[in-house]
Amino acid sequence: MSKNTGSDLSKRVRNIPQGTSVESFLIHGRHFTEKWDFRHHIIPPQSSSVTYRLDKTERGARGFQEYASGDAHKNKPIYIYDRLDEPTRGMLEDELAGFEGGDFCVAFSTGMAAISAALGVLLNSGDELVAHKTLYGCTYSLLTNWYPRLNIKANLVDLRSIDALKESITDKTRAVYFESPVNPTLEMIDIEAVRRVVDEVNKKRAEDRQLYIVVDNTFATPFCQRPIELGAHVVVHSLTKNIGGYGTDMGGAVIGPHDLEGQVLLYRKDFGGALAPKSAWPILVYGLPTLPLRLKRQMETSYEVARYLEGHPMVARVVYPGLENYPQRALAKKQMRSPDGSFTPGNMIYFETVEENAAEPENNIKVVDWIAKHAYTMTLAVSLGQLRTLIENPGAMTHAAVPAEKRIEGGIAPNGVRISIGVESAEDIIRDFEKAFEQAK
Ligand SMILES: *Cc1c(COP(=O)(O)O)cnc(C)c1O
C-alpha cells in the first residue's frame, strides 16, 4: 500500500514545515530559488529574459564550464541564458521534483520533448529498450520510426506479463519504458514487479550498463500515483494535460535520480526544447495549486459516468480503474493512491460501443459524431486533463500512427472511445450521452 508522503515531503523539499500536505505545498511552494529570491511575491513572478547580465567574465566562464561538464546541478550555476536555466521554470521544476519524489526535474517544451530526452540520455546507437506494446501514438512513432534510424531497437511486448519482460531483456537493453495506466486502454503495469526483475539484471551489470525504468505518468499525475515510490527510476510527463490543467500551454518534464541530472540538462541545452517561462508560469500558478481539487472532482464524476456507461445497452465494455469490475482491480488499488493514501483512479475512461461489425463501427461513429455536433458538455478533441470533458476515437485519432494490426493487438479497437472527464456536473455529461445513444439506436 502506498504510504503517506505528506511527512516525506518535508524531507525532500527544504524549508517547508514537517507534515505539510501535498495540497498546501502545491499552493504555497517555495516562491524563491536559491539563485533568485522571490519570497516577497505572493504570486511567483513570470520572468521573461532570454539572457542575463553577468558581473564579470569569470562568472560567465564558470557557468559555461559547469554546463559543458554536465555538473551544472552540483555547483548551482548563475543564470546565463534561458535555454540553460531560468527562475520561473526553475520554481516549477523544484515543485514537480518534490511532488513526484525525484531528485531533480528538468522541464521541456512538450511531453514528447521530455520523452525524447529521458530516452535520449539512456540509449546509444546499438542499444535496445523494452516497451509496453500499447503506447501514446507519438511515442510509438518515436520508437518505431526514428529509433531504427539511430540503430536503437525497441522490443514491444505485453508488460503485464513479467515473463514477457524477462524474455525480452538482452545484454543490450538499457531501458524499460511504459505508461501506467496505458493510453488509451487504461491497463496497468505492476511497477514493483518490473523493478524486481530489473534489480536482478542490474546486480550482474557494470555501473555504466545499468538498466533504467522510465514511466510516463501523464494519465495519473503525481496526485494519483508516484511511480518513483513504487520503483521507477525516471518519470516523464506531458504537462500539457492534467498538470497544466487548463489547456492553455504545452509542457513536459523529466524527473529522476541525481546520476542522470547533468545529462538531462545537457541534452536540453543541446537539443533545445526547453519549456518557455511564459508557459511554465501558468502551470506553476494555476495548474499545480488546483490539481488536487480538479482531480477529486473529476474522479467523482468519472465514477458516475463510468457506472452509467456500464449499464447502457449500447456499451459493450467500459474500462475505468475505479470500477469494481476493472480487470486489474488489486493492482489499481495498490498503485493509484493520492499522497494521503486514498484510492485515486484518475479521470480517464475507455469504452467500446456495441456493433454488428466491430471493424466498421457504425454506432461508434454515430455517437461520437452526434457529440461532436450537438453535445453541450462534451467536445470531440484530442488531449486530456482539462476543465472540459474531451472525447475522441483513439484508433482514428491519437493512435492513428500505430498500424491497424498493431492497434488491434494492443487493444485499441475501432469501436473504442476515450473520455477525459472535466469538471462539469456528472448529470449534464450523462444527459448528453443519453441523447447521443438515443439518436444512434
Ligand atoms: C499527450 C501525451 C504525451 C505527449 O505530450 P505532448 O505534451 O503532447 O508532447 C505523452 N504521453 C502521454 C501518455 C500523453 O497523453
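Remember, predicted model here, so these are calculated numbers, not experimental data. (Residues numbered from 1 in each chain as written. Predicted model: local features only at pLDDT ≥ 70, side-chain atom pairs only at ≥ 80, totals over all residues. Heavy atoms only, no water.)

1. With respect to the overall build of the protein
What the protein contains, in helices and strands, is 17 helices and twelve strands. Relative to the 2.2 N^0.38 estimate, which gives 22 Å for 441 residues, the radius of gyration of the protein is 22 Å and therefore close to what a compact globule would have. Taken over the C-alpha atoms alone, the protein extends approximately 75 × 50 × 35 Å along its principal axes. Looking at the 441 residues of the protein, the share that counts as buried comes to 61%. (Helix = DSSP H or I, 4+ residues; strand = E, 2+ residues; numbered from the N terminus. Rg over C-alpha atoms; globule rule 2.2 N^0.38 Å. Buried < 20%, exposed > 50% of the residue type's maximum accessible area, 1.4 Å probe, protein only.)

2. Some thoughts on empty space enclosed by the protein
Applying the stated rule across the entire model yields two cavities of 30 Å³ or more. Lining the largest cavity are Pro181, Leu186, Phe219, Pro321, Met336, Pro345, Gly346, Asn347 and Met348. Residues that form the lining of the largest cavity fall into these classes: seven nonpolar, two polar and no charged. Both domains that meet at the lining of the largest cavity, namely domain 1 (6-286) and domain 2 (292-440), each give it at least three residues. (1 Å grid on protein atoms, 1.4 Å probe; cavity = no way out; pocket = protein on both sides within 12 Å on 5 of 7 lines; lining within 4 Å. Points joined across faces, edges and corners; volume = space filled by probe spheres on them. Nonpolar A, V, L, I, M, F, W, Y, C, P; charged D, E, K, R; others polar. Domains from an automatic or database assignment.)

3. Quick word on the packing of helix H6 (residues 111-122) against helix H12 (residues 258-271)
Following both chains from N to C, one finds H6 and H12 inclined at 120°, their axes separated by 9 Å at the closest point. Taken as axis vectors, H6 and H12 run oblique relative to one another. Crossing angle aside, the handedness with which H6 passes H12 is right-handed. Contact with H6, carried on its side by Ser116, Ala117, Gly120, Val121 and Leu122, involves Leu260, Gln263, Val264 and Tyr267 of H12 and no other residues of that element. When the residues that make up the contact of H6 with H12 are grouped by side-chain class, the tally is six nonpolar, three polar and no charged. (Axes fitted to C-alpha atoms, helices over the stretch in contact; angles between N-to-C directions. Parallel < 35°, antiparallel > 145°, perpendicular 65-115°, else oblique. Left-handed = near helix turned anticlockwise from the far one by under 90°. Contact = heavy atoms within 4.5 Å.)

4. Section: the site of the ligand
If you check the shell around the ligand, you find 15 residues, and the closest are Gly111, Asp216, Ser238, Thr240 and Lys241. Note that an oxygen atom of the ligand is positioned 2.8 Å from one of the backbone N or O atoms of Gly111. Relative to its unbound accessible surface of 380 Å², the ligand loses 94% to contact with the protein. When each cavity is represented as a set of grid points, the ligand is found to reside in the second largest pocket. Here the shell around the ligand gets three residues from one element, more than from any other, and that element is H6. Grouping the amino acids of the shell around the ligand by side-chain chemistry returns six nonpolar, seven polar and two charged. (Near = heavy atom within 4 Å. Polar contact = N/O pair within 3.5 Å; in protein donor to acceptor, adjacent residues only side chain to side chain. Areas by Shrake-Rupley, 256 points an atom, 1.4 Å probe, with all protein chains shown as cover. Sits in = over half its atoms within 2 Å of the grid points.)

5. Let's talk about the side chain of His132
With respect to the element layout, His132 can be found in strand E2 (residues 128-132). A polar side-chain atom of His132 sits 3.5 Å from the main-chain carbonyl oxygen of Val157. Sequence-distant contacts of His132, that is, excluding residues within four places in its chain, are made with Leu156, Val157, Asp158, Leu159, Arg160, Tyr177, Phe178, Val182, Glu187 and Ile189.

6. A few points about helix H5 (residues 87-100)
With 14 residues, H5 extends 20 Å from end C-alpha to end C-alpha; this agrees with the ideal 20 Å at 1.5 Å per step. H5 sits mainly inside the fold: 13 of its 14 residues count as buried. Residue Gly101 follows H5 closely and has a positive phi angle near 80°. (Expected span 1.5 Å × (residues − 1).)

7. Here we look at the domain arrangement of the protein
For the protein, the assigned domains are domain 1 (6-286) and domain 2 (292-440). Of note, the centres of domain 1 and domain 2, computed from C-alpha atoms alone, are 28 Å apart. Across the contact, 42 residues belong to domain 1 and 41 residues belong to domain 2. Between domain 1 and domain 2, the buried area comes to about 3,400 Å², and carbon and sulfur atoms account for 60% of it. When the buried area of domain 1 at its contact with domain 2 is split by residue, Met188, Phe223 and Asn242 rank highest and sum to 20% of it. Linking domain 1 with domain 2 are three salt bridges, by the criterion used here. Across the pair Glu23 and Lys296 runs a salt bridge whose closest N-O atoms are separated by 3.2 Å. Put simply, domain 1 and domain 2 have 18 residue pairs in polar contact (both at pLDDT 80 or more) between them. Secondary-structure elements contributing two or more residues to the side of domain 1 that touches domain 2 are helix H2 (22-28), helix H7 (137-146), helix H9 (191-203) and helix H10 (221-224). No other element matches the four residues that H10 contributes to the side of domain 1 that touches domain 2. Of the residues contributing to the side of domain 1 that touches domain 2, the split by class is 20 nonpolar, 14 polar and eight charged. (Buried area = accessible area lost by both parts, 1.4 Å probe. Salt bridge = Lys/Arg side-chain N within 4 Å of Asp/Glu carboxyl O.)

8. Re a nonpolar patch on the surface
Taken together, the side chains of Tyr246, Tyr286 and Leu387 make up a nonpolar region of the molecular surface, amounting to roughly 270 Å² of accessible area. Residue classification places Tyr286 among the partly exposed positions, given a relative accessible area of 45%. (Patch = residues over 30% accessible without salt bridge, like charges linked within 9 Å, V, L, I, M, F, W, Y side chains within 5 Å.)

9. Topic: the sheet that holds strand E8 (residues 315-319)
Overall, mixed pairing links the five strands, which are arranged E8-E9-E12-E11-E10 in an open sheet. Each edge of the open sheet is held by one strand with a lone partner, namely E8 and strand E10 (378-380). For this sheet, the mean inter-axis angle between neighbouring strands, taken without regard to orientation, is 25°. In this fold helix H17 (residues 426-440) packs onto E8, strand E9 (348-353), E10, strand E11 (389-392) and strand E12 (416-420), with an angle of close to 55° to the strand it touches most, E10. (Pairing = 2+ DSSP bridges.)

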